[in-house]
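One letter stands for each residue in the lines below.
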Amino acid sequence: MAGAAPRVHYLAGFSCPLGGLAAGKPRVLCHEAEVFLSTGSKFVYVYDQEGGLLTAVYQFPDQVWHLQLLAVHRALYVLCARRGIYCLALNTPSRRSASQAHEDKEDREDGELPSPVIPVDPDTCVLPDATLCAFTVLGDVLVTLVQGPTQWKMQLFERPCPGEDPRPGSLVGEVELSTSTPPSGVPGKPAVPYFLPVLCCVSPPGSRAPHSHPQDCGGVMLEEALFGLLFGTDATLLESPVILCGLPDGQLCCVVLKALVTSRSAPGDPKALVKILHHLEEPVVFIGALKTELLTEEAAGGVLPSEDEHSDCLVALGHQGRTLAIKASWNESGNLVPELREYCLPGPVLCAACGGGGRMYHSTPSDLCVVDLAWRGTPLDSQQPDGASGSLPPMLSPASLSICSVLTLSVSSREPAGGTKLLALSAKGRLMTCSLDLNSEMPGPARMTAANAGQKIKELLSGIGDVSERVSFLKKAVDQRNKALTSLNEAMNVSCALLSSREGPQPISCTTTTAWGRQQLQDMLMATCLLENNSSFSLDQGWTLCIQVLTSSSALALDTAGSTVTYTIPVDRLSPGSQREVTLPLGPSENGVLDLPVTVSCTLFYSLREVVGGALAPSDPLEDPFPEEYPVDLLPEQEGICLPLSKHTVDMLQCLRFPGLASPHARASCLPGPASDPVDTFLETCRPPGSEPAGPASLRAKYLPPSSASIKVSAELLRAALEDGHSGVPLCSATLQWLLAENVAVDIVRAQALSSIQGVAPDGSDIHLIVREVAVTDLSPAGPIQAVEIQVDSSSLADMCRAHHAIVGRMQTMVTEQAAQGSSPPDLRIQYLRQIHANHEALLREVQALRDRLCTEDEASSCATAQRLLQVYKQLRNPSLTLL
């Protein structure tokens, strides 16, 4: 048999879920040319092998767990989960020729069922019971196994017959078996057990089940010697069939059928009716019997036992491959004793079946194997009475049939001469036949020659080298994954520490400061970002500091968005207590323009792809010859984790320079460079001594009036906001220091107690800041309100607007903080406020009208309109309102 591979022929395909069919529930029966099949779903299929078509499809209300056919009565008994046992009367199928079947196949459209689905009539349920887990039919009796709350219970009923009015048979006897632990489920709906119990009817040689042979119902007939040794003298004398029960906990027990019948009329000790034969310590998935002692010509034929031949070996298989074989043999004293032998077969076992020639077939997820338990030799020794057989083989050597994932198996009675035909259902829902050639002997250990030994040694050494190489790669993969797990743990700790410290000081912070510097002979505003790690965690591989610089849109192109530049700086081993400093330019750009304000955002980024990608990539080149193609598919969908640290806005007040406050040498070095433009530099060198500058800034200062804006703030509000850090300082000087707190010249302003200051903008325009105290007389009925007026003057309208915007932003923050502390404003004149508001509304409407007019007027008329627009803007920049 080992020399020839099995010939596999696919008969039909049945629907199955995405992951394939589940083991333990599918069933397949074969009678002549008909195949009765259930895939563990709600359907039972009847398939005609000769016609190659489905002849019937029955639909049940729930999953089908078990099938049993009474061929003589043309009755099919079906166990439906959580419903009970149904009995279907099968009509005699009409035989069609192969040509007719082929024509039917061609006439069918794709996807059309060859046979209509027949819903099963609820009246065909002959034994309703939601706790039924297994059954078997023998003659006129029906044996069931139910799972109670604490114990298994075997019950014996009169077999109900199919008909127009089927009625449940009466209970003949019952007995409790071992304890059971039912799976937990929804109240009122029992859960589906993972392993179902197995029932098998064993009959003695003298027993004659009416109207059928035990093998037709899935039963077996044992030789008298083995039957008596297993089940005792009473069962032998009564010629009573015995019900073997394999339970999910591994117990293999038996109940004498006639003793169970008489137990109802003459009750006795229930434990005396149940005998435990063995315990496999794993769920029992199969019980069967074999004819192991064969004549040489019988072994070559491989035929199934006929009615006059009885099996001499009982086998039981566990889910993990533990196999029990029981046979009658002679001991050294000449006594007939049962020989029990346990074997370990490859598991897990999905299904099994016993065939002719002493062979047993069992399926695992990876292969379908056959083992031989037969003793092959001359005719039985006449000195061994009662047909006692020889010993069992000391070990079993499974032979592979190279068919995987077979879920249910049946040995067909229609075998070819000298072979075996198996009917199988795969996990993908394929029904197939496997024809096996059994003429050759089962494979045995071959005699080793010197050449074979040398080749075997070379193969073993090569295998050792491959294993060693794989071990080194696997060790490297384990190290990478351990390192990745450590890094992920650190990243999780850092993320939790940052996210849980939103209010207080952050364990990892990034502060931004600005200062003017010299770069490539040009004045440049530099931002310095200081990353400090004050936590107890280290920032190692995978961490990156991302600094995003977002500039505002230009004043001449308000409809365009500002530019964004992102800098990424890898953070390498930033241990606790250490810091990292990064300096980067903010502007001016190549055209000498610095669009303010500029927002600098600092974010920590943890790259999952960098850390996890290498650990998830296949590391065994022997299994993955192209490892560079795999990591992209294995990497996580998310690129990484972003943890915001800080957001800093750089405005005009931070960029101002004050050359008048510095020493003459420093004053010359800190002057901005209109000279950065080569044309301006040439014009400056050509200007005669004593003449006035000819640059754009000088011309604006000479011929255009300075642009001005002001804002008034309540003196009381300012004192409350500045009382902590400016006690004893004049209010005007304290206000100026507060406005320039982020400018490098604030120390000089503080030292000289200035209340007004002349500065230079980044483009060289002058900006004058004046802080003075004023009295607002028209706002409150109680009298004048002391206020502080902050005035901004500049020859450049754009620079004045940027400085005014920076001052307003600081004021908004201060008012919001003081309002949160519950400060209340004084009494105000509401009518006066309404008048001011109405005036501002009128000015805004005028602005809109003037801007619309500019779009339609010619150049001559637009000059007057622009002049008026500037005057209106000036009135809006100097409101009569005061921040209270």
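Structure first, text after, so check above.
The structure displayed is predicted, hence computed values, not measured ones.

Another point: the overall build of the protein chain. Looking only at helices and strands, the protein chain has 17 helices and 44 strands in total. The burial tally for the protein chain puts 44% of its 884 residues in the buried class. As displayed, the protein chain offers around 45400 Å² of accessible surface, 54% of which is attributable to carbon and sulfur atoms.

Along the chain, Ser607 turns up in strand β38 (residues 598-607). Exposure remark for Ser607: the relative accessible area of 13% places this residue in the buried category. What Ser607 contacts, discounting residues up to four positions off in sequence, is Gly542, Glu639 and Gly640.

By the element assignment, Pro705 lies in the loop between α11 (696-703) and β40 (707-714). As a C-alpha pair, Pro705 and Ser794 span 89 residues in sequence and 8.9 Å in three-dimensional space.

Moving on: the pairing of strand β34 (residues 522-533). Burial analysis of β34 places nine of its twelve residues in the buried class, which makes it a mostly covered element. Two strands pair when backbone bridges link them, and strand β33 (residues 508-519) and β34 are joined in this way by twelve bridges, in the antiparallel orientation. By the bridge assignment, Cys510 is partnered in β34 with Leu531. The loop that links β33 with its antiparallel partner β34 comprises two residues; one of these, Gln520, has a positive phi angle of about 55 degrees. Note that β34 and strand β37 (residues 579-587) share eight bridges and pair antiparallel. Paired with Ala527 across the strands is Leu584, a residue of β37.

Next up on the list: the packing of aromatic side chains. This structure, assessed with the given rule, holds six aromatic pairs. An aromatic cluster of three or more residues is present, and its members are Phe14, Phe43 and Tyr45. For Arg430, the ring lying beneath its charged end belongs to Tyr10, and the centroid distance is 5.0 Å. Between the NZ or CZ atom of Arg657 and the centre of the ring of Trp516, over which it lies, the distance is 3.9 Å.

Each value, and the rule that gives it
- Residues numbered from 1 in each chain as written.
- Predicted model: local features only at pLDDT ≥ 70, side-chain atom pairs only at ≥ 80, totals over all residues.
- Heavy atoms only, no water.
- Helix = DSSP H or I, 4+ residues; strand = E, 2+ residues; numbered from the N terminus.
- Buried < 20%, exposed > 50% of the residue type's maximum accessible area, 1.4 Å probe, protein only.
- Areas by Shrake-Rupley, 256 points an atom, 1.4 Å probe, with all protein chains shown as cover.
- Contact = heavy atoms within 4.5 Å.
- Pairing = 2+ DSSP bridges.
- Phe/Tyr/Trp six-rings, centres within 6.5 Å; stacked < 30°, edge-to-face > 60°.
- Lys NZ or Arg CZ within 6 Å of the ring centre and 35° of its normal.

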